[in-house]
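Topology and contacts: notes
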Amino acid sequence: MGYTENDLAKDLENSEYKFGFTTDIESDRAPLGLNEDIIRFISAKKEEPEWLLDYRLKCYKIWSEMTEPSWAHITYPKPNFQGISYYAAPKQTKKYESWDDVDPEMKATMAKLGISLEEQQRLTGVAVDFVMDSVSVATSFKSKLKELGIIFCSFSEAVQEHPELVRQYMGSVVPATDNFYAALNSAVFTDGSFCYIPKGVRCPMELSTYFRINEANTGQFERTLVIADEGSYVSYLEGCTAPQRDENQLHAAVVELIALKDAEIKYSTVQNWYPGDKNGDGGVFNFVTKRGICETNAKISWTQVETGSAVTWKYPSCILKGDNSIGEFYSVAVTNNYQQADTGTKMIHLGKNTKSTIISKGISAGKSHNSYRGLVQIHKNAHHARNFSQCDSLLMTDECGAHTFPYIECKNPSAKIEHEATTSKIGEDQIFYCLQRGISEEKAISLIVNGYCKEVLNQLPMEFAVEAQKLLTISLEGSVG
Amino acid sequence: MLKIKNLHASIDGKEILKGLNLEVNPGEVHAIMGPNGAGKSTLASVLAGREEYEITEGTVDFEGADLLEMATEDRAREGLFLAFQYPVEIPGVSNVNFLRTALNEIREYRGEPAISAKDFMALVKEKSAIVELDAKLASRSVNEGFSGGEKKRNEIFQMAMLDPKLAILDETDSGLDIDALRIVANGVNKLKSDKNATIVITHYQRLLDYIVPDFVHVLYNGQIVKSGPKELALELEEKGYDWIKAEFAH
């Protein structure tokens with residue numbers, strides 16, 4: 001093979017970087033593109049230990065030999081991975097100069113969600129003085145956690161303060177080789193959350209990323225690691241119902257959960273990234289890898305309400321390694337306009353008497369496409385494993401699509417697997433029935449949709465559930481056709 | 001209260017109501033009988049405001065306002081209630097949540113404050129007794145997994161809760177055994193006052209043994225072809241609809 005134009009371009013690109021930043025380590029932002037030096041730059045900026053840099057470089061190598069997956073039922077312009085800056089200094093950026101600059105539509109939505117003015121300003125990133133309240137709440141919250149020995153901090157802080165835990169568990173559930181986006185994240189992640197619950201401790205409050213959203217700009221490659229030690233319990237909340245805008249179009253997070261013997265992790269997500277406008281322009285591409293591992297008698301429960309993003313690619317999964325362990329997945333995914341979602345779960349049964357439950361509720365409106373993709377895998381030693389899956393799709397218009405891709409692989413004859421699936425169009429009869437009782441169409445749709453999603457919403461912590469209900473209503477406003 | 005004049009309505013280009021006239025005053029109970037396909041349920045649907053029907057001619061005056069100009073939900077808020085022939089199931093939405101939403105929407109429309117949870121539950125207790133509805137059904141999802149009889153009782157329970165001016169019972173007797181029929185009819189009778197009115201749509205005379213009408217109308221081929229006192233129902237029961245058909249065949 002001769003020296004091609006492509007090779008030339010690559011060389012030029014690389015050489016440019018070689019000169020570009022080794023001398024420019026003071027810069028707050030990495031130059032566009034990705035190569036080993038960029039990774040060294042990120043690691044150096046974060047003053048990371050040698051082992052982490054080695055890990056990143058290894059992952060980068062793995063990633064560079066992979067190709068982007070194309071099996072999902074989604075279409076989108078492939079991101080240009082050399083056109084992204086992989087590091088920006090973690091400073092609190094002011095997104096708006098003043099409250100008056102904030103998009104009125106966004107303000108109205110937040111008001112409908114019942115978010116206080118102060119919260120609204122904080123969430124939109126307007127520079128305000130009275131964040132003091134939130135800070136003090138967060139501080140008292142932290143001291144209480146500390147008393148119990150619970151560690152809840154940014155991922156970067158954990159790397160510095162608790163390297164032994166990070167080193168032991170990072171990549172143990174989602175190895176870099178797992179998939180293209182996980183490999184990319186492993187190479188370039190900038191920050192995220194870390195949580196450790198000591199043996200036998202029941203975390204007395206919901207741990208929410210919300211409390212530390214302002215501490216660091218986690219960026220587009222977020223890394224989360226939750227470790228529940230033996231016999232402990234934690235309920236963890238990710239995201240918030242407020243619409244989140246981001247200048248970064250591509251998001252590729254990795255979340256790893258480790259539930260040791262007799263531990264339980266409840267992980268709830270409300271995802272409302274900017275979905276693009278009514279014509280499908282803009283919007284976040286969300287490619288997330290979430291997975292947990294259960295040791296003996298442990299339990300992991302994923303609950304998600306997904307209303308945002310232009311493209312969602314996400315399969316929170318459980319590896320049921322220990323005997324008697326339990327995995328659960330409760331999901332509501334709403335797509336409207338031109339949104340596309342391909343989401344579901346994987347339940348990998350390895351241990352005896354392992355049990356999994358999958359409840360997936362898809363709602364499609366506008367011209368959107370909503371796919372459920374799930375795998376139930378029973379390995380040969382998983383005697384008496386049980387799975388129950390229920391996948392329901394609700395169509396709001398004639399132009400949208402709902403798709404179900406269930407995969408079952410069973411290698412143990414004692415296993416019991418049940419799968420139910422339904423697809424229905426939102427009933428004109430149901431709406432008429434509500435109207436005839438004096439209920440407006442908007443409220444009728446809200447009632448019907450929330451009723452449809454009840455089994456999932458019931459899994460959310462109370463406050464979150466109330467907000468999620470409102471969010472569903474807002475996401476589907478004026479969507480019946 | 002209700003004045004229907006020369007009402008013509010069609011669905012998918014097919015005319016079902018062909019010049020129907022009817023007047024209902026407060027305190028009255030009207031029975032509308034007729035053979036299958038006469039347009040009985042169409043009349044109920046058109047009055048309630050189902051969008052599939054096209055009104056091609058005629059007027060409907062409800063309490064001095066043009067009913068046909070009102071949105072479906074506003075008709076309900078103005079006091080028009082339809083007890084459905086086939087009540088709809090709404091999974092995951094409790095009966096009480098559904099009714100509280102409805103009641104508060106109606107109250108808001110009338111400029112009244114929302115009902116408190118305490119008052120609402122007291123009202124549920126009082127009204128569910130009227131149709132001997134198990135309190136457990138009130139907290140279950142709307143009509144989901146209800147038996148035929150429970151669904152119809154639930155319709156009358158909702159009617160009791162919303163206290164309409166004009167109630168239209170569309171084939172409420174269909175699918176009911178004699179005990180359920182008695183309970184439903186007793187419920188309707190208890191709700192009767194000199195301020196409200198009821199239109200009972202039925203195929204059989206049976207229901208009218210329990211809900212005694214002031215007027216009986218025979219609907220045939222999209223028109224009311226005969227009206228009379230309650231005895232007309234007995235005559236229809238005895239002779240069937242064939243003589244009507246023969247008399248008004250075209």
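Residues numbered from 1 in each chain as written. Chains lettered and ligands numbered in written order. Predicted model: local features only at pLDDT ≥ 70, side-chain atom pairs only at ≥ 80, totals over all residues. Heavy atoms only, no water.

**Side note on the overall build of chain A**
Broken down by element type, chain A carries 13 helices and 19 strands. Within chain A, the fraction of its 481 residues that count as buried is 59%. Sequence separation of 24 or more characterises 82% of the internal contacts of chain A that already satisfy a separation of 6 or more. (Helix = DSSP H or I, 4+ residues; strand = E, 2+ residues; numbered from the N terminus. Buried < 20%, exposed > 50% of the residue type's maximum accessible area, 1.4 Å probe, protein only. Contact = heavy atoms within 4.5 Å.)

**Observations regarding the UniProt feature "domain: ABC transporter" (unreviewed entry) in chain B**
Here, the residues flagged by UniProt with the feature "domain: ABC transporter" (unreviewed entry) are residues 2–246 of chain B. Structurally, residues 2–246 of chain B comprises 38% helix and 29% strand, and the distance from its first C-alpha atom to its last is 30 Å. (UniProt positions renumbered as here; feature names shortened; annotations may be inferred.)

**Points about a negative patch on the surface**
On the surface, E428, E441 and E442 of chain A together with E51 of chain B cluster together into a negatively charged patch. Mapping E51 of chain B onto the fold places it in the loop between α1 (40–48) and β4 (54–62). Using a relative accessible area of 73% as the deciding quantity, one classes E51 of chain B as exposed. (Patch = residues over 30% accessible without salt bridge, like charges linked within 9 Å, V, L, I, M, F, W, Y side chains within 5 Å. Areas by Shrake-Rupley, 256 points an atom, 1.4 Å probe, with all protein chains shown as cover. Salt bridge = Lys/Arg side-chain N within 4 Å of Asp/Glu carboxyl O. Lys, Arg positive; Asp, Glu negative; His and termini not counted. Charge placed at Lys NZ, Arg CZ, Asp CG, Glu CD.)

**Quick word on the sheet that holds β4 of chain B**
Residue and element names in this part refer to chain B. Strand order across the open sheet formed by 4 strands is β2-β1-β4-β5, with antiparallel pairing between neighbours. In this open sheet, the two edge strands, each paired with only one partner strand, are β2 (14–24) and β5 (65–66). Across 2 bridges, β4 lies against β5 in antiparallel orientation. Along β5, the bridge assignment pairs D61 with D66. (Pairing = 2+ DSSP bridges.)

**With respect to the interface of chain B and chain A**
Listed by partner, the interface residues are 29 residues for chain B and 17 residues for chain A. Between the two partners, chain B and chain A, sit 3 salt bridges. Measuring nitrogen to oxygen at the nearest pair gives 3.4 Å for the salt bridge that ties D429 of chain A to R50 of chain B. A per-element tally of the side of chain B that touches chain A places helix α3 (residues 95–109) of chain B first, with 6 residues. Here the residues of the side of chain B that touches chain A sort into 16 nonpolar, 7 polar and 6 charged. (Nonpolar A, V, L, I, M, F, W, Y, C, P; charged D, E, K, R; others polar.)

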